[in-house]
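Residues per chain are reported as follows:
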Amino acid sequence: MTRNSLRARLATAVLALALAAPAAAESIIVQSTTSTQNSGLLDVILPQFTAKTGIEVRVVAVGTGQAIKNATNGDGDVLLVHARAAEEKFVADGFGVERFDLMYNDFVVVGPKADPAGVAGTGDVVAALGKIAATTSAFASRGDDSGTHKKERSLWKLAGVDPTSASGAWYRETGSGMGATLNAAAGMGAYTLTDRATWIAFENKADLAIAVEGDTRLFNQYGVILVSPQKHPHVKAKSGQAFIDWLRSDEGQSAIAAFRIDGQQLFFPNAKR
Amino acid sequence: MSDLATAFRDALDLLLSLDPELAAIVALSLQVSLGAVAVAALVGMPLGAVVAVGRFPGRMAVVVLMNALMGLPPVVVGLVVYLLLSRAGPLGAFGLLYTPTAMVIAQAVLVTPIIAALTRQTVEDLWGEYEEQLRVLGVSRLEMVATLLWDARPSLLTGLLAGFGRAVAEVGAVIIVGGNINHVTRVMTTTIALETSKGNLSLALGLGIILVAITVTVSALVMAMRGREGRAVHG
Amino acid sequence: MADAGVVDPRLDDAGLVAGGVAPLCCSGVGLARGGRVLLDDVTLELARRPGVTVILGPNGAGKSLLLRVVAGLVEPDRGRVRWGPRPPDRSRATRIGFVFQKPVMLRRSVLANVTYALRAAGVPRHEREARARSLLAAGDLGHLERVSARVLSGGEQQRVALVRALATKPEALLLDEPTASLDPRSTQAIEALVRATRAAGVGVVLVTHDLGQARRLADEVVFIHRGRVLEQAPAACFFDAPSTAAAREFLDGGLVL
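Residues numbered from 1 in each chain as written. Chains lettered and ligands numbered in written order. Predicted model: local features only at pLDDT ≥ 70, side-chain atom pairs only at ≥ 80, totals over all residues. Heavy atoms only, no water.

A.B. asks: What should I look at first to understand the overall build of chain B in this one?
C.D. replies: Across its full length, chain B holds ten helices and zero strands. Secondary structure elements of chain B, listed N to C terminal, follow the sequence α-α-α-α-α-α-α-α-α-α. For chain B, the residues scored as buried account for 51% of the 235 residues in total. In chain B, 73% of the contacts between residues at least 6 apart in sequence involve partners at least 24 apart. Considering chain B, the positive charge centre built from 14 side chains and the negative charge centre built from 15 side chains are found 4 Å apart. (Helix = DSSP H or I, 4+ residues; strand = E, 2+ residues; numbered from the N terminus. Buried < 20%, exposed > 50% of the residue type's maximum accessible area, 1.4 Å probe, protein only. Contact = heavy atoms within 4.5 Å. Lys, Arg positive; Asp, Glu negative; His and termini not counted. Charge placed at Lys NZ, Arg CZ, Asp CG, Glu CD.)

Shown next, in the form of structure tokens:
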């Protein structure tokens with residue numbers, strides 16, 4: 001009998017434990033991209049913000065498309081992504097208050113060291129993509145409507161190539177995040193477009209190396225937007241705005257600039273004030 | 001190959017260092033998945049038993065549905081629960097998205113059909129043996145269900161284990177409704193997914209090894225409990 | 001084990017001695033399954049007084065099915081069954097003890113098997129254990145009360161089943177071939193319990209195809225063949241002078257088709 005009541009109490013305890021969300025001080029949810037999280041940037045700068053303000057920042061790191069969709073549903077207080085046109089539409093549709101430039105990094109094209117398309121070392125990304133298509137060298141695309149994917153499509157357009165006609169042949173859409181796509185590219189010896197931050201922090205480079213970099217068209221601008229409290233009254237506008245203000249302040253900007261992996265700076269702050 | 005070797009070393013290092021971060025992740029994994037199994041058991045066991053004992057139109061359809069739902073894709077469950085809990089969804093006002101509670105809900109949805117279907121089968125088999133006896137003792141329907149569940153408990157425990165295994169191993173649902181937020185909703189499987197996307201294959205695999213070790217431990221504990229219970233009954 | 005004839009005082013202690021026994025009436029009971037007539041216009045009165053009625057007949061005659069109909073476990077297609085004024089529903093007012101050919105032991109201890117029946121009969125919690133203990137003692141099973149019922153031998157299980165059936169103070173006890181798969185010793189123990197039950201004033205209806213058992217226990221015999229009641233007579237009359245050819249053949253040990 002004592003054993004039964006003990007068991008009953010245990011069961012209740014497990015239930016109570018499971019159903020209780022951890023009580024937290026003020027916290028905000030930031031919908032962001034995998035690049036900011038996977039590179040480790042947020043792990044470094046968020047504690048600085050929390051130490052200063054006591055506001056905990058909870059990051060949901062998904063593709064830009066999904067991040068914007070989640071923010072549209074009101075499932076976040078701040079949106080931090082890199083797809084300018086989509087961000088501006090988000091604000092124009094009334095879901096965001098205002099878009100601010102925050103920082104940039106750049107994209108690079110990485111590919112197998114054997115370089116079957118003969119593009120290594122070029123500074124012209126559009127010409128390089130044309131060559132990859134012409135030689136039907138394998139190319140791994142995110143294919144997930146993320147910021148990187150959007151960037152990649154705009155570059156193909158400039159090159160006058162419709163790679164989707166070769167979908168499944170040399171053009172391979174992974175439909176997954178940057179890390180997974182890099183893993184896939186490493187596995188099949190394919191070229192792919194990646195943000196530099198994820199690339200530098202990526203641990204499984206295998207036979208991949210940077211093939212194309214430095215083209216201004218590979219510029220990757222991050223924007224930050226407060227989700228509209230008019231649309232979603234539960235949005236923690238004050239804390240969210242405090243976070244945006246801090247990111248754009250001298251302190252936040254220098255924290256971004258100070259973040260380095262293997263001595264390389266990954267993100268370049270460029271908030272206009 | 002070297003990744004595999006490194007993975008085992010990473011797993012061992014993590015375990016030996018008693019990494020507090022890892023401990024917190026493991027604790028949350030257990031909390032979420034055990035909570036989900038508890039909720040699923042509260043719903044699934046009576047449900048399975050009632051379907052086993054009940055005779056009503058469409059019963060076969062319910063049985064087929066329960067069996068089929070055992071194969072619910074976690075991502076689909078995650079999406080549906082996300083749409084329900086999202087601020088734009090019908091339950092958005094509760095603000096449950098990106099909390100452990102949301103993860104418990106999603107996993108409970110995944111696990112309930114497993115527990116219900118296995119309970120249904122177990123109880124139905126036992127019902128075949130018990131039915132006339134319980135009827136001549138004048139036992140009410142409700143008491144019959146309780147009796148069958150109690151007497152079938154060793155087999156039901158295996159059903160609970162199956163449910164726990166499914167819950168603790170899935171990533172598709174919890175990563176959507178939990179958001180894999182560090183220190184809040186990050187569990188073993190979402191950590192593994194994250195480390196994989198970072199290209200930390202050996203660390204990811206190391207975590208996977210620890211996850212398997214945990215499920216083996218839980219399973220062994222349950223079996224030990226069951227063994228003791230069996231001895232107590234057989235006295 | 002106390003023998004027949006006198007009321008086993010331990011059974012009496014256990015509160016087994018019942019008051020009046022409600023008469024059982026079957027009128028025009030018929031039942032068919034898959035086009036086969038299994039019970040055909042069965043009309044009988046049973047258990048009008050304390051005593052053992054043995055339902056006798058060859059295999060497949062419909063004995064066990066009739067017992068189930070009588071107990072309310074199987075609904076007949078036609079006709080009606082009444083215990084006194086009531087149908088044999090499982091409401092607690094009508095108490096029928098039932099022992100199956102193959103004992104069904106709940107997956108718990110011997111004691112818990114009996115207290116379970118007491119609980120189902122609405123006996124208050126604080127009385128259950130003491131009553132179950134005295135019942136088990138009466139069945140010579142006291143030493144096994146803590147043992148898991150499912151590890152008992154077949155004979156022990158059947159004794160537990162019988163004690164459990166008696167636990168609810170039934171007005172009538174129905175037994176369906178209770179010793180069909182038991183060894184002689186176990187059979188003897190069961191028969192002794194049946195006699196004690198009869199002596200305690202409970203009406204007993206026993207289905208068997210074992211002639212020896214029928215001779216040892218019956219006060220009255222109902223002979224069934226192919227779903228029909230061919231004879232109902234006091235035991236002595238039936239065994240000395242059966243009035244149908246089928247019964248005669250059956251008693252002579254011939255094959256009754």
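Next, the rest of the story.
A.B. asks: Would you take a moment to explain the overall build of chain A for this structure?
C.D. replies: Counting its secondary structure elements, chain A contains eleven helices and twelve strands. Each of the three principal axes of chain A carries a C-alpha extent, and together these read 75 × 55 × 40 Å. In chain A, buried positions account for 53% of the 273 residues. Here the contacts in chain A between residues at least 6 apart in sequence split such that 74% fall between residues at least 24 apart. Of the roughly 11200 Å² that chain A leaves accessible, carbon and sulfur atoms contribute 56%. Each charge class in chain A was averaged separately, 27 positive and 27 negative side chains, and the resulting centres sit 5 Å apart. (Areas by Shrake-Rupley, 256 points an atom, 1.4 Å probe, with all protein chains shown as cover.)

A.B. asks: How do you make sense of the interface of chain A and chain B when you look at a structure like this?
C.D. replies: Much of the literature gives interface size as the accessible area that the parts lose upon coming together. Across the contact, 33 residues belong to chain A and 31 residues belong to chain B. Summing both partners gives a buried area of about 2600 Å² for chain A against chain B, and 56% of it is carried by carbon and sulfur. For the pair chain A and chain B, the interface holds zero salt bridges. Where chain A packs against chain B, one counts twelve residue pairs in polar contact (both at pLDDT 80 or more). Among the residues making up the side of chain A that touches chain B, the classes are represented as 15 nonpolar, ten polar and eight charged. (Buried area = accessible area lost by both parts, 1.4 Å probe. Salt bridge = Lys/Arg side-chain N within 4 Å of Asp/Glu carboxyl O. Polar contact = N/O pair within 3.5 Å; in protein donor to acceptor, adjacent residues only side chain to side chain. Nonpolar A, V, L, I, M, F, W, Y, C, P; charged D, E, K, R; others polar.)

A.B. asks: I tried to follow the interface of chain C and chain B on my own but got confused; where do I start?
C.D. replies: Residue-level contacts link 23 residues of chain C with 18 residues of chain B. Together, the buried faces of chain C and chain B total about 2100 Å²; carbon and sulfur atoms form 49% of this surface. Note that Asp151 of chain B and Arg108 of chain C form a salt bridge whose closest N and O atoms lie 2.6 Å from each other. Linking chain C with chain B are ten residue pairs in polar contact (both at pLDDT 80 or more), by the criterion used here. Those elements that provide at least two residues to the side of chain C that touches chain B are β5 (96–99) and α3 (110–120) of chain C.

A.B. asks: Can you walk me through the sheet that holds strand β3 (residues 51–56) of chain C in this structure?
C.D. replies: Pairing between sheet strands relies on hydrogen bonds along the backbone, with the strands arranged either parallel or antiparallel. Residues and elements named next belong to chain C. Spatial strand order, β5-β6-β7-β3-β8-β9: six strands in an open sheet with mixed pairing. In this open sheet, the two edge strands, each paired with only one partner strand, are β5 and β9 (228–234). Across the sheet, the axes of successive neighbouring strands diverge by a mean angle of 15°, strand direction being ignored. The sheet contact formed by strand β6 (residues 172–176) and strand β7 (residues 203–208) spans five bridges and is parallel. When the bridges of β7 are listed, Leu173 appears paired with Val204. (Pairing = 2+ DSSP bridges. Axes fitted to C-alpha atoms, helices over the stretch in contact; angles between N-to-C directions.)

A.B. asks: What should I look at first to understand helix α9 (residues 188–197) of chain B in this one?
C.D. replies: All names here are of chain B. Within α9, eight of the ten residues are buried, leaving the element largely enclosed by the surrounding structure. Looking at α9, one finds that the buried residues are Met188, Thr189, Thr190, Thr191, Ile192, Leu194, Glu195 and Ser197. One or two steps after α9, the chain reaches Gly199, where phi turns positive at roughly 85°.

A.B. asks: Would you mind showing me how to read the pairing of strand β4 (residues 96–112) of chain A here?
C.D. replies: In regular strands, side chains alternate between the two faces of the sheet. All names here are of chain A. Summarising burial for β4: 14 of the 17 residues are buried, a large majority. As judged from the eight bridges shared by β4 and strand β9 (residues 219–227), these two strands associate in the antiparallel manner. Counted as the bridge partner of Arg99 is Ile225 from β9. Across two bridges, β4 lies against strand β12 (residues 268–269) in antiparallel orientation.

A.B. asks: What is the right way to read the sheet that holds strand β2 (residues 36–46) of chain C from this model?
C.D. replies: Residues and elements named next belong to chain C. Read from one edge of the open sheet, three strands run β2-β1-β4, paired in antiparallel fashion. Each edge of the open sheet carries a strand with a single partner, namely β2 and β4 (78–83). Going from strand to strand, the sheet's axes swing by 20° on average, the running direction of each strand aside. With seven bridges joining them, strand β1 (residues 24–33) and β2 adopt antiparallel strand pairing. Residue Cys25 lies in a different strand from β2, and its bridge partner there is Glu45. Its contacts with the sheet put helix α2 (residues 63–71) on β1, β2 and β4, and the angle it makes with β2 is roughly 60°.

A.B. asks: Please clarify how the pattern of salt bridges should be interpreted in this entry.
C.D. replies: For the coordinates displayed, the defined rule picks out 32 salt bridges over all chains. Across the pair Glu129 of chain B and Arg107 of chain C runs a salt bridge whose closest N-O atoms are separated by 3.4 Å. Here Arg107 of chain C lies in the loop between β5 and α3 and Glu129 of chain B lies in helix α5 (residues 100–136), a pairing that spans two chains. On the basis of relative accessibility, which here comes to 29%, the residue Glu129 of chain B falls in the partly exposed class. A cluster of three or more residues bridged by salt bridges with shared partners is formed by Arg84, Glu87, Glu88, Arg99, Asp101 and Lys272 of chain A.

A.B. asks: For this particular structure, what's the right way to read the packing of helix α2 (residues 20–53) of chain B against helix α6 (residues 141–151) of chain B?
C.D. replies: Each packed pair of helices is defined by two parameters, the angle between the axes and the distance between the axes. All names here are of chain B. Relative to each other, α2 and α6 sit at 115°, their axes nearing to 10 Å. In the crossing of α2 with α6, the sense of the turn from one axis to the other is right-handed. Of α6, the residues touching α2 (which contributes Met45, Pro46, Ala49, Val50 and Val53) are Arg141, Val145, Leu148 and Leu149. The residue inventory of the contact of α2 with α6, partitioned by class, reads eight nonpolar, no polar and one charged. (Left-handed = near helix turned anticlockwise from the far one by under 90°.)

A.B. asks: Explanation requested: the packing of aromatic side chains in the structure shown.
C.D. replies: Here the distance between the centres and the angle between the planes together describe a pair of aromatic rings. All names here are of chain A. Tallying each qualifying case throughout the model produces 15 aromatic pairs over all chains. Look at Phe49 and Phe243: their rings are 5.0 Å apart centre to centre, the planes differ by 65°, and that puts the pair in the edge-to-face class. A residue pair is termed long-range when its members are at least 10 positions apart, and Phe49 in helix α3 (residues 41–53) and Phe243 in helix α10 (residues 237–248) qualify at 194 residues. The exposure class of Phe49 is buried, given its relative accessible area of 0%. Grouping aromatic residues by their ring pairs yields a cluster made of Phe139, Trp156, Trp170 and Tyr171. Positioned above the aromatic ring of Trp199 is the side chain of Lys205, whose terminal nitrogen or guanidinium carbon lies 5.1 Å from the ring centre. Cation over ring: Lys231 sits above Phe95, and NZ or CZ is 4.9 Å from the ring centre. (Phe/Tyr/Trp six-rings, centres within 6.5 Å; stacked < 30°, edge-to-face > 60°. Lys NZ or Arg CZ within 6 Å of the ring centre and 35° of its normal.)

A.B. asks: I would appreciate a short explanation of the nonpolar core in the present structure.
C.D. replies: As a rule of thumb, soluble globular proteins bury nonpolar side chains together. Formed by 92 residues in total, the largest nonpolar core has its most connected members in Leu56, Leu162, Leu173, Phe238 and Phe239 of chain C. At ten residues, α2 of chain B tops the list of elements feeding residues into this core. Setting aside residues no more than four positions away along its own chain, Leu173 of chain C makes contact with Gly97, Phe98, Val99, Leu162, Ala165, Leu166, Thr197, Val202, Gly203, Val204 and Val205 of chain C. Val78, Ile200, Val224 and Phe243 of chain A belong to the second-largest nonpolar core, a separate cluster that totals 44 residues. (Core = buried A, V, L, I, M, F, W, Y, C linked by side-chain atoms within 4.5 Å.)

A.B. asks: Help me understand the domain arrangement of chain A, please; the structure alone is not making it clear to me.
C.D. replies: Residues and elements named next belong to chain A. By the assigned domains, chain A splits into domain 1 (7–105 + 221–269) and domain 2 (106–218). Look at where the C-alpha atoms of domain 1 and domain 2 centre, and you get two points 28 Å apart. Carbon and sulfur atoms make up 62% of the surface buried where domain 1 meets domain 2, a total of about 1200 Å² over both sides. It is His82, Asn105 and Leu266 that lose the most area in domain 1 upon contact with domain 2, and together they represent 36% of the buried surface on that side. Across the domain 1-domain 2 interface, the total number found is one residue pair in polar contact (both at pLDDT 80 or more). Listing elements by their share of the side of domain 1 that touches domain 2, those giving two or more residues are α2 (34–38) and α4 (64–72). Here the residues of the side of domain 1 that touches domain 2 are counted per class, giving five nonpolar, ten polar and no charged. (Domains from an automatic or database assignment.)

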